[in-house]
Amino acid sequence: MRVLMAQPRGFCAGVVRAIEIVERSLQRFGAPVYVRHEIVHNRHVVERLQRMGAIFVESLDDIPNGAVTIFSAHGVAESVVAEAKSRGLPVLDATCPLVSKVHMQGKRYVARGRKLILVGHAGHPEVEGTMGQVGAPVYLISTVGDVAKLDLPHDTPLSYVTQTTLSIDDTRGVIDALRARFSDLEGPDVSDICYATQHRQSAVRGLCEVVDLLLVVGSSNSSNSNRLREIGVEKGLPSYLISDGSELNPEWLRGAKTVGLTAGASAPEELVLDVIKALRLHDDVEVEQIAGVREDIEFNLPIELRTVAGKATAGAGR
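Residues numbered from 1 in each chain as written. Predicted model: local features only at pLDDT ≥ 70, side-chain atom pairs only at ≥ 80, totals over all residues. Heavy atoms only, no water.

1. A word on the overall build of the protein chain
The secondary structure content of the protein chain amounts to ten helices and 13 strands. Expressed as lengths along the three principal axes of its C-alpha atoms, the size of the protein chain is roughly 60 × 55 × 30 Å. When each of the 318 residues of the protein chain is scored for burial, the buried share is 55%. Of the contacts made within the protein chain by residues no fewer than 6 positions apart, 75% connect residues no fewer than 24 positions apart. (Helix = DSSP H or I, 4+ residues; strand = E, 2+ residues; numbered from the N terminus. Buried < 20%, exposed > 50% of the residue type's maximum accessible area, 1.4 Å probe, protein only. Contact = heavy atoms within 4.5 Å.)

Printed below as a string of structure tokens:
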């Protein structure tokens, strides 16, 4: 069996930064530190940090007074920031800088008196954070069909921002529908979506042209991992999202001579290697990495942590 690995895959710079903030906080302040929501959407990452002394909560009510508090990579609403400040909680913000960029874009549009549309998925923590950051009502839409349901005059001054982990093709279709319906629409170009999302999706599209089966390593609650699997489905390939090698179903491999393998932006490289190990239990495996974009972007840590030794494992996908 031939296994072709996408490049890039796995951890992006925002995920590396978020994990490193938790690791260095534990080194500097000691356990426990409290993280509001999963730092990134990967069970293995969360469980490893729990073993190190991180405690994950969904509400600031579950954080003791004075405890070191970390906001996840997905971002939080202004109300959460204000609550933490009112309680005097020492906060380290692990929000991905590209998510923060979306927040700032939304605030700028609203400050100019424009109504704001967010293209994203209801219930996702990034979407909840963005909607709670802009200080004005936000119209949340996910599909082309949602555009027709917007109860707004066609000449309403509108702007839009997007969830960073959406499919580029899906986003482009929704934006085109907005442009067709509304005469006064502003927003960032589709190419302004998260670079890691673009790179990983482009790599998977190329991979799908030369493989019989697509395996995506990532957690089921990871939006960007699910989008990668959906691309394989759109290409007509059997495509599966698995968290590690233990979830590999041998039945999937029947008749597959070439397997494509990638990982979502919150999945560590060790899980990719675990899937390869599982594949080797069923066949002789020849592994090859396809040519692709080499990512060298790094985001700065909070100043309080820059002198603390330690580094998150980025893996080959960084």
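2. Observations concerning the packing of helix 8 (residues 195-208) against helix 9 (residues 223-234)
Packing of helix 8 against helix 9 leaves a shortest axis separation of 10 Å and a crossing angle of 30°. Considered as vectors, helix 8 and helix 9 are oriented roughly parallel to each other. Considering how the two elements wind past one another, helix 8 and helix 9 form a crossing that is right-handed. Of the residues in helix 9, those in contact with Arg200, Gln201, Val204, Arg205 and Cys208 of helix 8 are Arg227, Leu228, Ile231, Gly232 and Glu234. Among the residues forming the contact of helix 8 with helix 9, the class breakdown is four nonpolar, two polar and four charged. (Axes fitted to C-alpha atoms, helices over the stretch in contact; angles between N-to-C directions. Parallel < 35°, antiparallel > 145°, perpendicular 65-115°, else oblique. Left-handed = near helix turned anticlockwise from the far one by under 90°. Nonpolar A, V, L, I, M, F, W, Y, C, P; charged D, E, K, R; others polar.)

3. With respect to the pattern of salt bridges
Following the criterion strictly, the structure yields 15 salt bridges and no others. A salt bridge links Asp184 to Arg114; the nearest nitrogen and oxygen atoms lie 2.8 Å apart. Here Asp184, found in the loop between helix 7 (168-181) and strand 9 (185-186), pairs with Arg114, found in the loop between helix 4 (97-111) and strand 6 (115-119); they are 70 residues apart in sequence, far enough to count as distant. In this structure Arg114 comes out as buried when scored by relative accessible area, which is 10%. The residue Arg227 makes a salt bridge to Glu230 at a minimum N-O spacing of 2.8 Å. Highlighted residues: Arg227 and Glu230, both in helix 9, separated by three residues, approximately one helical turn. Residue class for Arg227 comes out buried when judged on its relative accessible area of 10%. Exposure remark for Glu230: the relative accessible area of 24% places this residue in the partly exposed category. Through salt bridges with shared partners, a single network forms among Arg112, Arg114, Asp184 and Glu186. (Salt bridge = Lys/Arg side-chain N within 4 Å of Asp/Glu carboxyl O.)

4. Things to note about the sheet that holds strand 6
Within the open sheet, the four strands sit side by side as 7-6-8-9. Their pairing is parallel. Both outer strands of the open sheet, strand 7 (138-141) and strand 9, are each paired with one neighbouring strand and no more. As paired strands, strand 6 and strand 8 (residues 158-162) are joined by five bridges and run parallel to one another. Bridge pairing links Leu116 to Ser159 in strand 8. (Pairing = 2+ DSSP bridges.)

5. A word on the sheet that holds strand 5 (residues 91-93)
Pairing between the strands of a sheet comes from backbone hydrogen bonds, and it takes one of two forms, parallel or antiparallel. Ordered by their spatial adjacency, four strands build an open sheet running 3-2-4-5, and the pairing between neighbours is parallel. Of all strands in the sheet, those bounded by a partner on one side alone are strand 3 (54-57) and strand 5. Here the average twist between neighbouring strands, direction ignored, is 25°. Where strand 4 (residues 69-71) and strand 5 come together, three bridges link them in parallel fashion. Within strand 5, the position partnered with Phe71 by the bridge is Asp93. Across the face of the sheet, helix 1 (residues 13-29) comes into contact with strand 2 (33-36), strand 3, strand 4 and strand 5 while running at roughly 155° to strand 5.

6. Some points on the pairing of strand 6
Of all five residues that make up strand 6, four are buried, and the element is covered over most of its length. Where strand 6 and strand 7 come together, four bridges link them in parallel fashion. The partner of Val119 across the bridge, within strand 7, is Ile141. This β-α-β element, strand 6 to helix 5 (residues 125-131) to strand 7, shows right-handed connectivity. (Right-handed = clockwise from strand over helix to strand, strands pointing away.)

7. Some words on helix 7
Between its first and last C-alpha, helix 7 extends 20 Å over 14 residues, near the 20 Å set by a 1.5 Å rise per residue. Within helix 7 the residues assigned to the buried category are Ile168, Thr171, Val174, Ile175, Ala177 and Leu178. The elements touched by buried residues of helix 7 are strand 6, strand 7, helix 6 (144-149), strand 8, strand 9 and helix 8. (Expected span 1.5 Å × (residues − 1).)

8. Brief notes about unusual backbone geometry
Cis geometry marks the peptide bond from Gln7 to Pro8; its omega dihedral reads 5°. For Pro8, the location among the structural elements is in the loop between strand 1 (2-5) and helix 1. Residue Pro32 follows Ala31 across a cis peptide bond; omega there is 0°. Relative to the assigned elements, Pro32 resides in the loop between helix 1 and strand 2. The backbone phi angle of His37 is positive, close to 70°, even though this residue is not glycine. Inspection of the secondary structure puts His37 in the loop between strand 2 and helix 2 (43-52). Among the residues examined, His37 registers a relative accessible area of 15% and is labelled buried.

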